[in-house]
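This is what each chain is made of:
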Amino acid sequence: MTHISILDKEIKGLNEIKTKLDERDAFVSIIKNFEDLKNLQTSTLIVSEKIVKSDNELINIARSLKIKKVILVNNQSKDFSIKKELGEALVKIKYPTNDIYGLEVFLSFCTEDQKFLTGSKESLSLKNLAKKVASTDVTVFINGPTGSGKEVLANYLHEYSPRKNEPFVAVNCAAIPENMLEAILFGHEKGAFTGASYANKGIFRAADKGTLLLDEISEMPLSLQAKLLRVLQEKKVTPVGGQRDIEIDVRVLATSNRNMVTEVKQSRFREDLYYRLNVFPLQTKNLKDRKDDIFPISLKILDKHCKEKHIPIISSEAQEIILNHDWPGNVRELENTLQRALVLCEGDKITKKSIMIDKSLNNMSSDGQVENFVDRYNYAWIIYLKRILNV
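In this text the structure is predicted, and so the values were computed from the model without any measurement.

(A) Quick look at the overall build of the chain. In terms of helices and strands, the chain carries 14 helices and 15 strands. Viewed in the frame of its principal axes, the chain has a C-alpha envelope of about 75 × 60 × 40 Å. Every one of the 391 residues in the chain was classed for burial, and the buried ones make up 47%. Residue pairs in contact within the chain that sit at least 24 positions apart in sequence constitute 68% of those at least 6 positions apart. Within the structure as shown, the chain displays about 20200 Å² of accessible surface, and the carbon and sulfur contribution to it stands at 48%.

This is the structure:
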């Protein structure tokens with residue numbers, strides 16, 4: 001958890017900022033003066049740029065108290081800007097008071113270690129519920145559309161569980177050939193099958209004492225579902241080619257993007273296994289149903305792809321396009337769009353012209369904001385080639 005101290009001077013909307021930081025699992029203290037820092041274990045210090053006369057003086061205070069990061073903020077500025085100094089130990093941020101994107105940039109610098117990003121009430125409710133579930137040892141079934149953050153939620157459950165210091169192992173049941181899945185899950189003995197030149201303990205035993213994520217479990221063949229049910233009931237695995245059971249202590253999480261009730265009714269998934277996994281169900285939502293998550297997620301994506309340069313400014317027109325799109329591909333589509341925008345943007349600003357969205361998936365016609373995707377794709381290549389050739 002990030003420990004943040006905020007000096008209560010010249011920062012507009014301080015209560016809103018504190019609330020949003022609390023929602024993102026930060027521990028926030030409001031201080032009246034620098035003397036208050038002596039009794040706190042602060043990792044990030046936030047101070048209004050307006051009251052700082054000398055950066056060096058503030059840095060010396062931070063160093064003496066072993067504060068890792070200092071953020072100087074001016075949230076009453078006319079313009080948006082970011083400056084990183086001292087290897088990002090000192091960050092200076094300016095943004096207009098009512099700029100939602102600017103506020104999210106500021107919050108992202110305050111909570112850089114956060115993976116489960118929340119900006120909407122829907123995601124905050126899910127996060128609070130997940131935190132309660134994480135403290136127990138129950139099996140959790142996470143259902144939701146592709147690209148809606150099921151694996152991120154699974155990681156969050158592990159990180160806030162008593163098993164957080166033990167292994168977290170994830171396996172995608174759809175990505176492994178059917179004839180290999182049993183051996184990968186339960187392990188195998190040497191010589192158990194052609195090519196088994198050495199023994200392997202398998203993923204269940206690799207996750208012993210920790211958490212195992214069975215991603216896209218609805219893709220698991222029926223023949224293997226019965227064996228998985230036995231493992232969950234008995235808490236023992238039998239390696240392929242082995243003769244003895246081996247006890248395991250694993251918390252199991254499972255995910256699927258399918259309607260599991262339909263899968264059970266169509267006899268594609270065992271009913272008894274479904275009930276064994278669905279002890280506590282959690283549901284992720286499409287990005288279009290939680291619009292307030294778009295900018296926090298966008299900033300995490302931009303930071304991921306802008307390691308060697310500043311996070312770009314997004315113009316108000318571009319922000320409007322991003323917020324108004326339905327994102328049928330959820331976070332994956334959003335990431336693709338932002339990567340294209342980074343290629344097309346001029347300098348450090350993403351404008352309306354930089355946003356190229358493929359609307360074919362949701363049958364949306366061109367509305368003048370975004371032209372035909374193929375035309376924009378060709379345009380992107382022209383711009384890219386011009387930059388390479390310097391013409």
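Still more ground to cover, so stick around.
(B) The arrangement of the layout of surface pockets in detail. A volume near 930 Å³ is recorded for the largest pocket. Taken together, the elements giving at least two residues each to the lining of the largest pocket come down to helix H4 (121-134), helix H5 (150-159), helix H11 (294-305) and helix H13 (330-344). Class assignment for the residues of the lining of the largest pocket results in 8 nonpolar, 9 polar and 15 charged. There is about 350 Å³ of room inside the second largest pocket. In terms of lining, the second largest pocket is formed by 19 residues, of which the most central are Glu16, Lys20, Asp99, Ile100 and Leu103. Those elements that provide at least two residues to the lining of the second largest pocket are helix H1 (14-23), helix H3 (100-110) and H11.

(C) Seen up close, the packing of H4 against H5. One can describe the packing of H4 onto H5 by two numbers: an axis separation of 8 Å at closest approach and a directional angle of 45°. Looking at the two axes, H4 sits oblique to H5. Read as a crossing pair, H4 and H5 show a hand that is right-handed. Where H4 abuts H5, its residues Leu126, Lys127, Ala130, Lys131, Val133 and Ala134 lie against Leu153, Tyr156 and Leu157.

The rules behind the values
Residues numbered from 1 in each chain as written. Predicted model: local features only at pLDDT ≥ 70, side-chain atom pairs only at ≥ 80, totals over all residues. Heavy atoms only, no water. Helix = DSSP H or I, 4+ residues; strand = E, 2+ residues; numbered from the N terminus. Buried < 20%, exposed > 50% of the residue type's maximum accessible area, 1.4 Å probe, protein only. Contact = heavy atoms within 4.5 Å. Areas by Shrake-Rupley, 256 points an atom, 1.4 Å probe, with all protein chains shown as cover. 1 Å grid on protein atoms, 1.4 Å probe; cavity = no way out; pocket = protein on both sides within 12 Å on 5 of 7 lines; lining within 4 Å. Points joined across faces, edges and corners; volume = space filled by probe spheres on them. Nonpolar A, V, L, I, M, F, W, Y, C, P; charged D, E, K, R; others polar. Axes fitted to C-alpha atoms, helices over the stretch in contact; angles between N-to-C directions. Parallel < 35°, antiparallel > 145°, perpendicular 65-115°, else oblique. Left-handed = near helix turned anticlockwise from the far one by under 90°.

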